[in-house]
Structure formats: C-alpha cells, structure tokens
Number of protein chains: 2
Amino acid sequence: MADGARPVTLQSIAKELGLHVSTVSRILNGPAATGARAASTATADRVRRLAAELGYRPDPHATGLRTRRSNLIGVLVPRMSDLVLAMIHEGIEEAATAKGLSTIVVNTLDRPETRRARTDMLIARRTDGLIFGDARVEDDFLAEVAARGTPFVLVNRHSADHPSVTCDDWLGGRLAADHLLGLGHRDVAIIAGEPHASTGVDRVGGFLERCAEAGVPVPGDRIAHGGFDTAAGRAAADRLLAADPAPTAIFAVNDFAAIGALGAARDRGLRVGEDLAVMGYNDTPLAAELPLPLTSVLSSTHEMGRRALAMLVRILAGERPPSERLRPVLTARASTGC
Amino acid sequence: MADGARPVTLQSIAKELGLHVSTVSRILNGPAATGARAASTATADRVRRLAAELGYRPDPHATGLRTRRSNLIGVLVPRMSDLVLAMIHEGIEEAATAKGLSTIVVNTLDRPETRRARTDMLIARRTDGLIFGDARVEDDFLAEVAARGTPFVLVNRHSADHPSVTCDDWLGGRLAADHLLGLGHRDVAIIAGEPHASTGVDRVGGFLERCAEAGVPVPGDRIAHGGFDTAAGRAAADRLLAADPAPTAIFAVNDFAAIGALGAARDRGLRVGEDLAVMGYNDTPLAAELPLPLTSVLSSTHEMGRRALAMLVRILAGERPPSERLRPVLTARASTGC
DNA sequence: ACGTTTGGCCCAATCGTTTGGGCTATGATG
DNA sequence: CATCATAGCCCAAACGATTGGGCCAAACGT
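Residues numbered from 1 in each chain as written. Chains lettered and ligands numbered in written order. Predicted model: local features only at pLDDT ≥ 70, side-chain atom pairs only at ≥ 80, totals over all residues. Heavy atoms only, no water.

## Looking at the protein's contact with DNA strand C
Close to DNA strand C lie 32 residues, the nearest being Leu10, Arg26, Asn29 and Arg66 of chain A together with Arg68 of chain B. The share of sugar and phosphate among atoms of DNA strand C within 4 Å of the protein is 53%. In this structure, a sugar or linking oxygen belonging to DNA strand C sits 3.5 Å away from a side-chain N or O atom of Thr63 of chain A. The side chain of Thr23 of chain B places a nitrogen or oxygen atom 2.7 Å from a phosphate oxygen of DNA strand C. (Near = heavy atom within 4 Å. Polar contact = N/O pair within 3.5 Å; in protein donor to acceptor, adjacent residues only side chain to side chain.)

As structure tokens, this is what we get:
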C-alpha cells in the first residue's frame, strides 16, 4: 500500500537497504537454490519484509523485456457471447491464474480476416502461447501459425493433429442417438450446426454411426446445417418440420439451437416431449431450467478450459502432450418425454 | 513474414540500412511532426519498406518500459458466462481494438476477495486503466482503487459518482411498469435480482415509482430478491406464485430470471401470456426466439461497452467526462399477451 | 562573404529486471 | 602457515524502444 509518487522498484528497495539491485532480485524472485546463495537469511528477511511493506510488484515490462516471457496467453474464440466459450474461458482463466498467467481474449467471429488480424496482434503482444477455440475442420491457418513457431493448443474444436482438448463429440453423438433410438424413434432429424466446426461434424458423425448400427436410415434431407444459435436453430427446425411426414425427433448439436427448435415446434402446435422429441448438446445451465427442461449431453466446458491451459503450459515447457477427449454425459429430461 | 531466428528490432533495421536506431524509431512511430524532421522522405521510405518486409512489430515490453504505458485495459466482470457481460465485453473489445488497445478480462464472481486479488493483479500488470462491470451499490473498494490513482470507469452498474456508462435502468423500470399497467394489471410482482447491483435496484425503483404514480401498490412481499440467473428466477417466481392470490404479472429484472419464471409458471399450470404476464430485461437475443417470446426491455449492451471504453480513453487523456445513461427500449411480445 | 537557419541524422541516457561473473572476507583443511 | 572453498555480495551487460540534445553541412539571408 501507500505509494503515491515514485513506483517501488528493485532499485529503490536495494538503495534503501544498502544492497545491490541484483541481490534483491535474486532474493525476491530467484529460484530457492540461487536465493540461498544470494544472501544471508537475515538480509533476505529484511528485503522481503521491506518489499512486502512497500508493496513491490515487479514490472512486467522489464521482466518481459529481459526474459522474453510475458506470462500472457492469447485466447481466440468465435465469440464470448457464446455461453459454451464463455464457460471454457472461465476454466482457462482459473487455471491460468493458478499458474501466474493472464489471458487476453479476442472474438474472431469465426471470420478468417478477423482471426488473422487478432492472431497477429496477439503475437505482436508477445503472448507466450495461444489457445484457439475457433479451429476449423480444414484449417491451413493453424499450420501457418505453427510454422511461425507460436505454441498453441485447440480447445472445444479439434483440427488435423494439432494438440487439442475437446469433448468426445463423436461419442456424444452416439449417446444422443442411443437415447432417441431407445425411446423408439425411427425417423430422426439433425440440426447439424456449421460444417466447419468439428463439434458439429463429430456429433453428427457419431449420431449417424449409431443410427446406422441400429439399421435406422437418416437421409440427407433430415440434416439441416446452419449456425449454433437460437435463430439458426429455429430456421433449421422450420425446414425439417415442414417435411411430410415430419421426423419424430430432432437432435440439435447445441442447446441454443435446440431452444430455437422448441420455438418452431410450438409454432406448429406440436407438443414437445409428446408429439416431438427434441434434444440439445452441452447441457448448458439453462437446459435444466427451461420451462420445458431439455434433454442434453454434457460436455464439461469448465474442465476443458482448465485442461487446455494445462496442456499449453506443458507445451511451453517443451513437452509434447497428446490431445485429450473428455467424456460426455447424457441427461434425459422432459423434452424427449422423460 | 519470414523470420525464423533473430527477432526483428529497430536495431536490426537500423543496421541493415546504415542508420541509427533513433532515426528509425522516429520514422516508424514518431508523430508526423517529428517524423518529418527526422529523416528525408527517401530514407523514411526505405525504412518503412524494410520494416514492412521484415514484419517489424515493436516489442511492447520495451515500449512499455520506456513509456510506462501498456496499452492494456483490465476488465472486471462478475462472470463472462453472463451473456449481458459477454456482450458488453464485445463492445469494449471492438472499441479497444480500434484504438490499438487490448483487454485482459477477469471474472470476479461478484466476490470481494476475488475482486481484490484480480484488481491487484491487473494493476501489477501495469494496465493503463480498468473497467469495472461489477460495481456495487455501496462500494468502498472503488474509492480505494481511485485513491491509488488507477483510472477506471464503471459499466452496466453505477456506484457513487464514479464515471460510468449504464443503461437508464430507472427509466427501463418505468417502461416495464407502464407496459404492465397499460395491459390492465393491478397486482404485479418483481423478481428483483441482487440488492447490491444498481441494475436491479434501479429497475425496481423505476418500476415502483411508476406504479405509485398510477396508484397501484406493490407490497414488500411482492418483491423477491435473489440472483440474476435462471435457477434464481425460478426459485423467486415459485415464492411469488405461491401467494394467494397470486400476482397477475411478474417483472423480472433479467431475461434469464424471467426464463426461470416461465418454468415456474408452467409447473403451476399457468398459461403465460394469458393467466400470467411475465417480462424480462435486457432483450437478450434469446428473448425473441424463445418458444414463448419474451417481452423485454432492451439495454444496448454492445454500445455500453463501446462507450465505456471511449470514456476510459478520455479519462486516460486527462479529461473528466460525465457519466452516460443509455436509453432503454421496450419490446412487447407474447409473454405479456402481445 | 559571412553569419544563421534548418534539414537530416547520430548520441546516449533511460525505463526495471535478470544473470553470468567476479570479488572479498572468513573459516576449514593439510 | 599457505591454500582453498565458500558464503555473501557487488558489477555490468544485456533486453528494445524512446527522446532531449547535439552536430555537420548545405542552403539562405543580407
């Protein structure tokens, strides 16, 4: 506390105590090993005490300049207003804080130019590493970033063999299919999300695989692509439900899209959970609390974020950790008649 | 592009061109005024060309060390998984990018210790200024931060006379009351959110004021406090609807709380829009797309974020801009029978 | 023809830390 | 008693950019 004018630096502490700045530096920050050799315990105590009293905080600019490490991690997400990404970021931040790192988050809006510009900016800021939450199925840009030598991991979506932490979306898709098939549905439709996101692609893939195993065909016109948000979900459901006969169940690869589907169903006078089964994905906090609780598949977003950061830290330390897939869990609720 | 080993610095450019580093610095960055006096246009061109070719990016650590500016803004929010804050942040980020600034966002979870720790960290990182999205009605901490000399603005919630950009929540509350009164409701209830947030307090205040003007009393047991999320909204609505007689309309100060109320109403067999009117606040993208579209009051979150950043920039420039209140707009939908 | 301006640069200090080497007593060792 | 290790410090050179002053020559004014 109690500064006001002059910032407190190693210099000021050193002078105050009649020591050399390097001595103070080693005491305050050096690894215990060096610290021990650097000064007597008595001196070290005096230094630490004064530093605490003065509220000394090393200048990250100076440190960064010298060490070439900023302790900053860049996080790129399509947009933070997507709840899933916001929760992942909370996990990232939690883990980062524990490691003394901070994050700079940027919204790329899933737009290549924005993404490139923001990535450039993050690298120009000398972030130590990046976490991409907006990987695309075919993603040359990532290879480019890798070639430039910037360490990064992917989260939520995977791409090629770049290190990533994701939910096992393929399995999640299978679980979803399993659930609907178990309820007796034989004519199911999918709101598939954007084709460039592995999340959607895998969920659909797993779903279709399971359906195929059960001998239930899902023709192409039962699959509607589009965005991950409510409006897109509503539009997609409108298309699907316009068919005659209409499907008896809809699997949306995202809770918000599922909510849109609920709206579309209602507009058609369908009773969801009876005439039509609807399920989502991610098990957002909202899903359980909706007027009509939504069956959904939980992907542990928070945990994904934490692990992504942990993985990045390992990479920064020179390791080459393998990608991770988290286990999804299905929770059945009223929207599928449970 | 095309580096690989040695980072490109002013030095490397200067040496390559047989110039002095200071000359290169002035050309590349100095204000046009100095730039002109710094070198001939021919030299300036050569420098700029080479810099571009080599992909020179000034080292922010070095710059920051020298200039004592990091071009980083710290943003503190209760949590980014609150859609309202996420959207505000998008606005902040947009405006920040345009000014060459970046943001470090942290979640304070509305917890004082977390908040203090994260603020310390942001200051230790030498952020140029802070934006608080988690101001409290009685907030000594802000005074403390101000006393330490850290420039900041508040966004979304105001407190004391600290500079802030908020929605005119009082007016918003009045609009809400106006709407319900206009529909003939004379027994209304409020899901009021947390008492430490000015958003909730003001919305309730304006609402009550308008009701009083209309001669419609709203007794204390018609006001339920709690969180801003769906679960809290459901719990609050459960309490309110348990009364006999039950209110005919509920004003929730937040869309998510309103969604919870929708659930509670449904569980009681009430037809929202007919037996019971429910309205929210913020006009989240979700509100219009819900199975039962929600009447809500729009607070331009994006704009709020942009303005908050603009205001902070002015403060950093030494000005003392006045606080701003943005105009809310009510949109009537099916949940109030429209 | 001889100041004086000024265009075009270069010098060097500085910001705060980190870190590979000293340097000097003191105590232990042979 | 000479030698050596060691504890406990100090020195100084970075890191990369910024910035108030020079300094020199060419152009200009009278």
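## Things to note about the packing of helix α1 (residues 10–17) of chain A against helix α2 (residues 21–28) of chain A
All names here are of chain A. Where α1 contacts α2, the axes come no closer than 8 Å and their chain directions differ by 110°. Between α1 and α2, the interaxial angle falls into the category roughly perpendicular. Here α1 runs over α2; the crossing is right-handed. Counting all contacts with α1, which are made through Leu10, Gln11, Ile13 and Ala14, the residues of α2 involved are Val21, Val24, Ser25 and Leu28. Partitioned by chemical class, the residues of the contact of α1 with α2 number six nonpolar, two polar and no charged. (Axes fitted to C-alpha atoms, helices over the stretch in contact; angles between N-to-C directions. Helix = DSSP H or I, 4+ residues; strand = E, 2+ residues; numbered from the N terminus. Parallel < 35°, antiparallel > 145°, perpendicular 65-115°, else oblique. Left-handed = near helix turned anticlockwise from the far one by under 90°. Contact = heavy atoms within 4.5 Å. Nonpolar A, V, L, I, M, F, W, Y, C, P; charged D, E, K, R; others polar.)

## Re the sheet that holds strand β9 (residues 277–279) of chain A
Residues and elements named next belong to chain A. One open sheet holds the four strands; their spatial order is β7-β6-β8-β9, and the pairing between them is parallel. Here the strands that pair on one side only, and so sit at the sheet edges, are β7 (223–225) and β9. For this sheet the average axis-to-axis angle between neighbouring strands, irrespective of direction, equals 15°. Of the strand pairs in this sheet, strand β8 (residues 249–252) and β9 are connected by three bridges, and their pairing is parallel. Bridge pairing in β9 links Ile250 to Val278. The strands touched by helix α11 (residues 230–241) within the sheet are β6 (188–193), β7 and β8, with β6 carrying the most contacts at an inclination of about 150°. Sitting on the sheet, helix α12 (residues 255–267) is in contact with β6, β8 and β9, with an inclination near 155° to β9. (Pairing = 2+ DSSP bridges.)

## A look at the packing of α11 of chain A against α12 of chain A
Residue and element names in this part refer to chain A. At a closest axis distance of 6 Å, the pairing of α11 and α12 adopts a crossing angle of 45°. With respect to α12, the element α11 is oriented oblique. Crossing of α11 against α12: the hand is right-handed. Taking contact as the criterion, the partners of Thr230, Gly233, Arg234, Ala237, Asp238 and Leu241 in α11 are, on α12, Phe256, Ala257, Ile259, Gly260, Ala261, Gly263, Ala264, Ala265 and Asp267. Here the residues of the contact of α11 with α12 are counted per class, giving eight nonpolar, four polar and three charged.

## Comments concerning the packing of aromatic side chains
Across all of its chains, the model carries eight aromatic pairs over all chains by this definition. Among the aromatic residues, those joined into a cluster by ring pairs are Phe132, Phe141 and Phe152 of chain A. Taking NZ or CZ as reference, Arg203 of chain B lies 3.8 Å from the ring centre of Tyr281 of chain B, over its face. (Phe/Tyr/Trp six-rings, centres within 6.5 Å; stacked < 30°, edge-to-face > 60°. Lys NZ or Arg CZ within 6 Å of the ring centre and 35° of its normal.)

## A closer look at the domain arrangement of chain A
As far as domains go, chain A holds domain 1 (10–58), domain 2 (70–166 + 301–327) and domain 3 (169–300 + 331–336). For domain 1 of chain A and domain 3 of chain A, the distance between their C-alpha centres works out to 61 Å. (Domains from an automatic or database assignment.)

## Describing the pairing of strand β2 (residues 102–107) of chain A
A regular strand places its side chains so that they alternate between the two faces of the sheet. Residue and element names in this part refer to chain A. Burial analysis of β2 places six of its six residues in the buried class, the great majority of the element. For strand β1 (residues 72–77) and β2, the ladder comprises six bridges, and the chain directions are parallel. Each residue of the ladder has a partner; that of Ile73, found in β2, is Thr103. Assessed by its sense of winding, the connection that carries the chain from β1 through helix α6 (residues 83–98) to β2 is right-handed. (Buried < 20%, exposed > 50% of the residue type's maximum accessible area, 1.4 Å probe, protein only. Right-handed = clockwise from strand over helix to strand, strands pointing away.)

## Quick notes on the sheet that holds strand β9 (residues 277–279) of chain B
Residue and element names in this part refer to chain B. With parallel pairing, the four strands of this open sheet are ordered in space as β7-β6-β8-β9. Each edge of the open sheet carries a strand with a single partner, namely β7 (223–225) and β9. Along the sheet, successive strands turn relative to each other by an average axial angle of 15°, direction set aside. Contacts from helix α11 (residues 230–241) reach β6 (188–193), β7 and β8 (249–252), with the element oriented near 150° to β6. Across the face of the sheet, helix α12 (residues 255–267) comes into contact with β6, β8 and β9 while running at roughly 155° to β9.

## Observations regarding the interface of chain A and chain B
At the interface, 51 residues of chain A touch 51 residues of chain B. Where chain A abuts chain B, roughly 4400 Å² becomes buried across the two surfaces, and 53% of that area is made up of carbon and sulfur atoms. Across the salt bridge formed by Arg79 of chain A and Glu90 of chain B, the nearest N and O atoms sit 2.9 Å from each other. At the surface where chain A touches chain B, the tally comes to 24 residue pairs in polar contact (both at pLDDT 80 or more). For the side of chain A that touches chain B, the elements supplying multiple residues, two or more each, are α5 (60–67), α6, β2, α7 (112–124), α11, α12 and α13 (285–289) of chain A. For the side of chain A that touches chain B, the element with the most residues is α6 of chain A, which contributes seven residues. Residue composition of the side of chain A that touches chain B, by class: 24 nonpolar, 13 polar and 14 charged. (Buried area = accessible area lost by both parts, 1.4 Å probe. Salt bridge = Lys/Arg side-chain N within 4 Å of Asp/Glu carboxyl O.)

## Concerning the protein's contact with DNA strand D
Of all residues adjacent to DNA strand D, which total 30 residues, the nearest are Arg68 of chain A together with Leu10, Arg26, Asn29 and Arg66 of chain B. The share of sugar and phosphate among atoms of DNA strand D within 4 Å of the protein is 53%. Taking His20 of chain A, its main chain carries an N or O atom lying 2.7 Å from a phosphate oxygen of DNA strand D. Ser25 of chain B places a side-chain nitrogen or oxygen 3.0 Å from a phosphate oxygen of DNA strand D. When contributions to the surface near DNA strand D are tallied by element, the ones reaching two or more residues are α2, α3 (32–38) and α5 of chain A together with α2 (21–28) and α5 (60–67) of chain B.

## Looking at the pairing of strand β5 (residues 164–167) of chain A
Residue and element names in this part refer to chain A. Side chains Ser164 and Thr166 project from β5 onto one buried face, and the interleaved Val165 and Cys167 project onto a second face that is buried too. Sheet analysis places β5 next to strand β11 (residues 324–326), joined by three bridges and oriented parallel. Counted as the bridge partner of Cys167 is Leu326 from β11.

## Description of the side chain of Ser296 of chain B
Residues and elements named next belong to chain B. Tracing the backbone through its elements, the reader meets Ser296 in strand β10 (residues 296–298). Of the residues examined, Ser296 reaches a relative accessible area of 0% and is grouped as buried. A polar contact of 2.8 Å, which involves the side chain of Ser296, links it to the backbone nitrogen of Asp283. Setting aside chain neighbours within four positions, we find Ser296 in contact with Asp255, Gly280, Tyr281, Asn282, Asp283, Ala287, Val329, Leu330, Thr331 and Arg333.

## Details of the nonpolar core
Considering soluble globular proteins, one finds that nonpolar side chains tend to be buried as a cluster. Counting 92 residues, the largest nonpolar core has Ile131, Phe207 and Phe251 of chain A together with Ile131, Phe207 and Phe251 of chain B as the members making the most contacts within it. Once you skip the residues sitting within four places of it in the chain, Phe207 of chain B turns out to touch Gly173, Arg174, Ala176, Ala177, Leu180, Val188, Ile190 and Phe251 of chain B. Formed by 52 residues, the second largest nonpolar core is a distinct cluster that contains Leu286 and Leu290 of chain A together with Ala265 and Leu294 of chain B. (Core = buried A, V, L, I, M, F, W, Y, C linked by side-chain atoms within 4.5 Å.)

## Section: the relation of the copies chain A and chain B
With an RMSD of 0.0 Å, the fit of chain A onto chain B corresponds to turning through 180° and sliding 0.0 Å along the axis. What the superposition gives is, in effect, a two-fold axis relating one chain to the other. For chain A, the smallest separation between a C-alpha atom and the rotation axis is recorded for His61 of chain A, amounting to 2.2 Å. By residue overlap, the copies meet face to face through one surface: 100% of the interface positions of chain A are interface positions in chain B. (Least-squares fit on C-alpha atoms with pLDDT ≥ 70 in both.)

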